[in-house]
Amino acid sequence: MLRGQRVGLRHVTEDDLPWLKRVSGDPQLRGPFTGTRMLAPHKVDQRWREHGFASEDAERLLICHLIDGSVIGDVVHFSAARYTTAREIGWSLTEVSLRGQGLASEAAALLVDYLFENLEINRLQCGMSVHNHASRRVAEKCGFQHEGVQRGVVFVGGEYVDSHLLSMLRSDWQALRQRGA
């Protein structure tokens, strides 16, 4: 497990499948800025059997609260485009009562360090609805820089919404580490 001060990241285990099924089947837990499409429980099982939620193309890590070990959300990374080594990342804190306490920022920062330390990549990027101010703050706290707005790129609640695009280059990450951030 990757450990921060208050949260850790770890791979999905078979024991986590009930949590994944609950979260994948309940759009309310994922929040108002993500897709409302539900994933059927058998699809969670199928993805577990196929690749255990970890492949070269995409990986899902769970956010665990270090005090009691409970799963409180997840982070993901996946290939941003076929023609580049860039990765896109995302995060979700499904434990609603714990939102706004910096736990998602800590988890995202752990993921950023993990990716730059272990993969030969030069760029990370993330996107979120222009209305999702909390996720934009998470990205900016981690050192991501705003590049612009992608129009009508995400389908949420029956309509296409605009999305902020933020990025971090390896050189940005290295500079942050040198400053002790």
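Scroll up to find the structure.
So, a few notes on the structure that sits alongside this text. In this text the structure is predicted, and so the values were computed from the model without any measurement. (Residues numbered from 1 in each chain as written. Predicted model: local features only at pLDDT ≥ 70, side-chain atom pairs only at ≥ 80, totals over all residues. Heavy atoms only, no water.)

**A closer look at the pairing of strand β5 (residues 87-93)**
Among the seven residues in β5, six count as buried, and that is most of the element. With respect to chirality, the unit in which β5 leads through helix α4 (residues 103-118) into the neighbouring parallel strand β6 (residues 123-129) is right-handed. (Buried < 20%, exposed > 50% of the residue type's maximum accessible area, 1.4 Å probe, protein only. Helix = DSSP H or I, 4+ residues; strand = E, 2+ residues; numbered from the N terminus. Right-handed = clockwise from strand over helix to strand, strands pointing away.)

**Observations regarding helix α1 (residues 17-24)**
Inspection of α1 places Leu17, Trp19, Leu20, Val23 and Ser24 among the buried residues, and these make up the whole buried set. Down the axis of α1, the buried side of the element spans an arc of 155 degrees, and every buried residue falls inside it. Contacts from the buried residues of α1 go to α2 (27-30), α3 (41-51), β3 (58-65) and β4 (71-79). (Arc of directions from axis to C-beta. Contact = heavy atoms within 4.5 Å.)

**Quick word on the nonpolar core**
Counting residues in each nonpolar core, the largest one holds 31 residues, and the members touching the most others are Ile89, Trp91 and Phe144. Looking at this core element by element, the count peaks at nine residues for α4. The contact partners of Trp91, leaving out residues within four places of it in the chain, are Asp74, Val75, Ala104, Ala108, Cys126, Met128, Ser135, Val138 and Ala139. With 11 residues, the next largest nonpolar core counts Val12, Leu17, Leu29 and Val71 among its residues. (Core = buried A, V, L, I, M, F, W, Y, C linked by side-chain atoms within 4.5 Å.)

**Let's talk about the environment of Thr84**
Tracing the chain through its elements places Thr84 in the loop between β4 and β5. Reaching out from Thr84, the side chain makes a polar contact with the backbone nitrogen of Ala86 at a distance of 3.1 Å. (Polar contact = N/O pair within 3.5 Å; in protein donor to acceptor, adjacent residues only side chain to side chain.)

**Structural notes on the sheet that holds β6**
If you walk across this open sheet you meet the eight strands as β1-β2-β3-β4-β5-β6-β8-β7, and the pairing is mixed. Either end of the sheet is taken by a strand with one partner, and the two such strands are β1 (2-3) and β7 (145-156). Judged from the seven bridges that link them, β6 and strand β8 (residues 159-169) form a sheet pairing that is antiparallel. Its bridge partner lying in β8, Gln125 is registered against Ser167. Strands β1, β2 (7-11), β3, β4, β5, β6 and β8 of the sheet are contacted by α4, whose axis makes an angle of about 50 degrees with β2. Each of β7 and β8 is contacted by helix α6 (residues 170-178), which is oriented at about 60 degrees to β8, the strand it contacts most. (Pairing = 2+ DSSP bridges. Axes fitted to C-alpha atoms, helices over the stretch in contact; angles between N-to-C directions.)

**Looking at the packing of aromatic side chains**
Overall, the coordinates contain two aromatic pairs when judged by the stated rule. When the centroid spacing of 4.9 Å and the interplanar angle of 55 degrees are considered together, the rings of Phe155 and Tyr160 count as tilted. Note on Tyr160: relative accessible area 57%, which makes it exposed. (Phe/Tyr/Trp six-rings, centres within 6.5 Å; stacked < 30°, edge-to-face > 60°.)

**A few points about the state of the cysteines**
Applying the stated criterion across every chain yields a total of zero disulfides. For Cys64, which is in no disulfide, the shortest distance to another cysteine sulfur is to Cys142 and amounts to 18 Å. The exposure class of Cys64 is buried, given its relative accessible area of 2%. Between Cys142, a free cysteine, and Cys126, which holds the nearest cysteine sulfur, the sulfur-to-sulfur gap is 8.1 Å. The exposure class assigned to Cys142 is buried, which follows from its relative accessible area of 13%. (Disulfide = S-S within 2.5 Å.)

**Things to note about α4**
In this model, α4 (16 residues) spans 23 Å end to end at C-alpha, consistent with the 22 Å of a helix rising 1.5 Å per residue. Within α4, burial applies to Leu103, Ala104, Ser105, Glu106, Ala107, Ala108, Leu110, Leu111, Val112, Leu115 and Phe116. (Expected span 1.5 Å × (residues − 1).)

**Considering the pattern of salt bridges**
A full pass over the atoms with the stated rule returns seven salt bridges. For Arg60, the salt bridge is made with Asp74, and the minimal N-O distance between the two is 2.6 Å. Residue Arg60 is found in strand β3, and its partner Asp74 is found in strand β4; the two are separated by 14 residues along the sequence. The class of Asp74 is buried, set by a relative accessible area of 7%. (Salt bridge = Lys/Arg side-chain N within 4 Å of Asp/Glu carboxyl O.)

**A few points about the packing of α4 against α6**
Direction vectors running N to C along α4 and α6 enclose 115 degrees, while the axes themselves pass 11 Å from each other. Taken together, α4 and α6 sit at an angle that is classed as roughly perpendicular. When the axes of α4 and α6 are compared, the crossing they make is left-handed. Two secondary-structure elements touch here, α4 through Val112, Asp113, Phe116 and Glu117 and α6 through Arg170, Trp173 and Arg177. Residue composition of the contact of α4 with α6, by class: three nonpolar, no polar and four charged. (Parallel < 35°, antiparallel > 145°, perpendicular 65-115°, else oblique. Left-handed = near helix turned anticlockwise from the far one by under 90°. Nonpolar A, V, L, I, M, F, W, Y, C, P; charged D, E, K, R; others polar.)

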